[in-house]
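# Secondary and tertiary structure notes
Each chain, written out:
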Amino acid sequence: MFLGIDLGTSGVKVVLIDDAQRVAATGHAALTVKNRHPGWSEQIPQDWIAATRRAIADLGIPLNKVAGIGLSGQMHGAICLDSDNRVLRPAILWNDGRASEEAARLDGDPQFRKLTGNIVFAGFTAPKLVWMQNHEPDLFARTRLVLLPKDYLRLWLTGEAISDMSDASGTAWFDPAKRDWSDDLLSATGMERSQMPTLTEGSEIAGYLRADIAGELGLPPGIPVAGGGGDNAATAIGAGITGPGVGLVSLGTSGVIFAATDRFLPAPETAVHAFCHALPGQWHQMGVMLSAAACLDWWAGIADQPVGNLLAELDDHPTPPGPIAFWPYLSGERTPLNDPAQRAGFSGLSSGATRPQMTRAVLEGVTLALAENMVALRDAGGGADSLIAMGGGARSDLWLAMLAQATRVPILRPAGSETGAGFGAARLGLMAALGAGADAISQPDIAARFEPDPALTSGWSEGLARLQAQRA
């Protein structure tokens, strides 16, 4: 058996799989986020350990046959430790915006985009340490080690300070082409390589479970802990996405299109993320929209109706966008605009507009924004031949059919529900423990397939062109 531990923002989820990669049990423990000031987002790293203990206990079955552990987690967070590996301050999370000025300054230095292949966003790790230099100089001076969230759990489990390539890619200190830290970028932020964890691939061994922790958790001592991966890379492993071809579309609170590549394909001018994958010799591209299913939830609140009721009012045919348009920028936008000031809204409303028309416009707006993400990935030399759909929005046949028309690729709904980051982490644990390659994991069975219809795709392309023209 193999255990996956996924450290999310709202909780820790653990997934136990058997040797055939079937889910045997899951456990969960909630976490809270502290907002001490507007725009700040923090958690106490020790709380992650406590939540992991509770989540493992929540599995409710013996763990004496577990042969390996994999880790995944929220990316970009900064955990600062002193020379005795003691936490110096609360972890600054991925969605913390305090370092926006520092990020803009780093992004203005050409070497950052050149070496990382990415825009330096405020949520990335490096700007947070520059912020500490400016606002918490005493704590910055005492910082001897900076870890990412899941790697703090590794330190507890194994005593080792190690990260993987996919997670390190989101720090703005890492060169994805070389799969190594960049001494030049570290120096530009007042840091040194000695303050970074060592690096390994996500499917390789990165420490062994300490005997005292094993006894506490009911696990065998000395079992290997895999390098693991950032949350999106681990989710892709859970979906069996190990190389170019099939990609992933997530219709959660935010929206993501993930495509694996066999080479590094940076395109920072499009705000496409270009990171290492959690597998050796593989990279990935990722387009991110900040509000996907969140737009539908927002509209449901305005309409004072459950989402299910609103969707039930709609015809299930994915006809091209209608006269009412919705701009899905409730929280600004990432790919391809990189504009936090973008805002949402309807256009084309008249006195005859109906609630179903407006609901459909919301779905269409999110769909077109995701299609624009796909175009950005293709323009950067990547993209996908088909997309496995995940997240709450993937339950809607209409939404997936719309996506098939707008992206011009088949959209696939998995038969099983357990294809998330925790499942991917467990698979990485299996690969590390067994020394297995990417051929050890497969894609999920497909329950439904939504195909692009040539009679409809041109209308969706016209809809995207209208959205882009109006926005310009």
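Scope of this entry: the structure provided in the associated data block.

Procedures and definitions
Residues numbered from 1 in each chain as written. Predicted model: local features only at pLDDT ≥ 70, side-chain atom pairs only at ≥ 80, totals over all residues. Heavy atoms only, no water. Helix = DSSP H or I, 4+ residues; strand = E, 2+ residues; numbered from the N terminus. Rg over C-alpha atoms; globule rule 2.2 N^0.38 Å. Buried < 20%, exposed > 50% of the residue type's maximum accessible area, 1.4 Å probe, protein only. Contact = heavy atoms within 4.5 Å. Areas by Shrake-Rupley, 256 points an atom, 1.4 Å probe, with all protein chains shown as cover. Lys, Arg positive; Asp, Glu negative; His and termini not counted. Charge placed at Lys NZ, Arg CZ, Asp CG, Glu CD. Salt bridge = Lys/Arg side-chain N within 4 Å of Asp/Glu carboxyl O. Phe/Tyr/Trp six-rings, centres within 6.5 Å; stacked < 30°, edge-to-face > 60°. Lys NZ or Arg CZ within 6 Å of the ring centre and 35° of its normal. Pairing = 2+ DSSP bridges. Axes fitted to C-alpha atoms, helices over the stretch in contact; angles between N-to-C directions. Polar contact = N/O pair within 3.5 Å; in protein donor to acceptor, adjacent residues only side chain to side chain. Core = buried A, V, L, I, M, F, W, Y, C linked by side-chain atoms within 4.5 Å. Parallel < 35°, antiparallel > 145°, perpendicular 65-115°, else oblique. Nonpolar A, V, L, I, M, F, W, Y, C, P; charged D, E, K, R; others polar.

On a plain count of helices and strands, the protein chain comes out with 16 helices and 24 strands. Over its C-alpha trace the protein chain gives a radius of gyration of 22 Å, about what one expects of a compact globule, namely 23 Å for 472 residues. Over its C-alpha atoms, taken along the principal directions, the protein chain stretches across nearly 65 × 50 × 40 Å. Counting across all 472 residues of the protein chain, residues that qualify as buried make up 60%. In the protein chain, 72% of the contacts between residues at least 6 apart in sequence involve partners at least 24 apart. Within the structure as shown, the protein chain displays about 17,400 Å² of accessible surface, and the carbon and sulfur contribution to it stands at 50%. One finds the centroid of the 35 positive side-chain charges in the protein chain at a distance of 2 Å from the centroid of its 49 negative side-chain charges.

Next up on the list: the pattern of salt bridges. A complete count under the given rule lists 23 salt bridges for this structure. Salt-bridge contacts for Asp82 lead to Arg86; the nearest nitrogen and oxygen are separated by 3.0 Å. Between Asp180 and Arg193 there is a salt bridge, and its shortest N-O distance comes to 3.0 Å. Remark: Arg193 occurs in the loop between helix 8 (183–188) and strand 12 (198–200) and Asp180 occurs in strand 11 (residues 180–181); sequence separation between them is 13 residues. Residue Asp180 is classed as partly exposed on the basis of its relative accessible area, which comes to 29%. The structure contains a network of salt bridges with shared partners spanning Arg36, Glu42, Arg89, Asp96, Arg98 and Glu136.

Let us look at the packing of aromatic side chains. The description of an aromatic ring pair uses the distance of the two centres, along with the angle that the planes make with each other. The full count for this structure, using the stated rule, is 11 aromatic pairs. Here Phe121 and Phe124 contribute two aromatic rings whose centre-to-centre distance is 5.5 Å and whose plane-to-plane angle is 75 degrees, an arrangement assigned as edge-to-face. A single burial state applies to Phe121 and to Phe124, both of which are buried. Between Phe326 and Phe346, the aromatic rings sit 4.9 Å apart at their centres with planes inclined by 50 degrees, giving tilted as the arrangement. Within this pair, whereas Phe326 is found in strand 20 (residues 325–327), its partner Phe346 is found in strand 21 (residues 345–347), the two being separated by 20 residues in sequence. Grouping aromatic residues by their ring pairs yields a cluster made of Trp298, Trp299, Phe326 and Phe346. The ring of Phe121 has Arg334 sitting right over it, with the charged end atom 4.2 Å from the ring centre.

So, on to the pairing of strand 18 (residues 273–276). Consecutive side chains of a regular strand alternate in pointing toward one face of the sheet and then the other. Relative to strand 19 (residues 283–289), strand 18 runs antiparallel, the two sharing 4 bridges. Its bridge partner being in strand 19, Cys276 is matched across the sheet by Trp283.

Here we come to the sheet that holds strand 22 (residues 386–390). Spatially, the 7 strands line up as an open sheet ordered 18-19-17-16-22-23-24, and their pairing is mixed. The outermost strands of the open sheet, each flanked by one partner alone, are strand 18 and strand 24 (446–450). The mean inter-strand angle of the sheet, taken between neighbouring strand axes irrespective of direction, is 25 degrees. One ladder, built from 5 bridges, connects strand 16 (residues 246–251) with strand 22; its direction is parallel. When the sheet's bridge partners are listed, Ser250 is paired in strand 22 with Met390. On top of the sheet, helix 13 (residues 355–379) reaches strand 16, strand 17 (255–261), strand 19 and strand 22; it is set at about 150 degrees to strand 19, its chief contact.

It is worth spelling out the side chain of His273 at this point. Position of His273 relative to the elements: it lies in strand 18. Here His273 falls in the buried class, since its relative accessible area comes to 4%. Reaching out from His273, the side chain makes a polar contact with the side chain of Arg334 at a distance of 3.2 Å. With residues near it in sequence (within four places) discarded, His273 still touches Asn118, Phe121, Phe124, His284, Gln285, Met286, Val288 and Arg334.

Let's shift gears to the nonpolar core. Core analysis: the largest hydrophobic core is formed by 51 residues, its most contacted members being Leu129, Trp173 and Met191. Ranked by the residues each element gives to this core, the list is headed by helix 4 (residues 125–135), at 5 residues. With residues near it in sequence (within four places) discarded, Trp173 still touches Thr125, Ala126, Leu129, Val146, Trp181, Ser182, Leu185, Leu186, Thr189, Met191 and Met196. Listed in part, the 49 residues of the second largest apolar core include Phe326, Leu370, Leu400 and Trp460.

Our next topic: the packing of helix 14 (residues 397–407) against helix 16 (residues 454–471). Geometrically, a packed helix pair is captured by the angle between its two axes and the distance between the axes. Interhelical geometry of helix 14 versus helix 16 gives an angle of 75 degrees and a closest axis separation of 7 Å. On the basis of the axis angle, helix 14 is roughly perpendicular to helix 16. Packed against helix 14, whose contacting residues are Met402, Gln405 and Ala406, the element helix 16 presents Leu456, Thr457 and Trp460 at the interface. Its residues assigned to classes, the contact of helix 14 with helix 16 comprises 4 nonpolar, 2 polar and no charged.

A word on helix 4. Among the 11 residues of helix 4, 8 are classified as buried, and the element is accordingly described as predominantly covered. All of the buried residues in helix 4 are Thr125, Ala126, Pro127, Lys128, Leu129, Val130, Trp131 and Met132. Residues of helix 4 that are buried make contact with strand 6 (79–81), strand 7 (91–92), helix 2 (100–107), helix 5 (137–142) and strand 8 (145–147).

Let us now look at the environment of Pro244. Structurally, the position occupied by Pro244 is in the loop between helix 10 (231–238) and strand 16. Setting aside residues no more than four positions away along its own chain, Pro244 makes contact with Ala260, Thr261, Asp262 and Gln282.

The next thing to look at is unusual backbone geometry. Backbone torsion omega between Thr335 and Pro336 reads 0 degrees, so that peptide bond is classified as cis. Structurally, Pro336 is set in the loop between strand 20 and strand 21. Phi is positive for Arg408, which is not a glycine, with a value near 65 degrees. In this structure, Arg408 sits in the loop between helix 14 and strand 23 (411–414).

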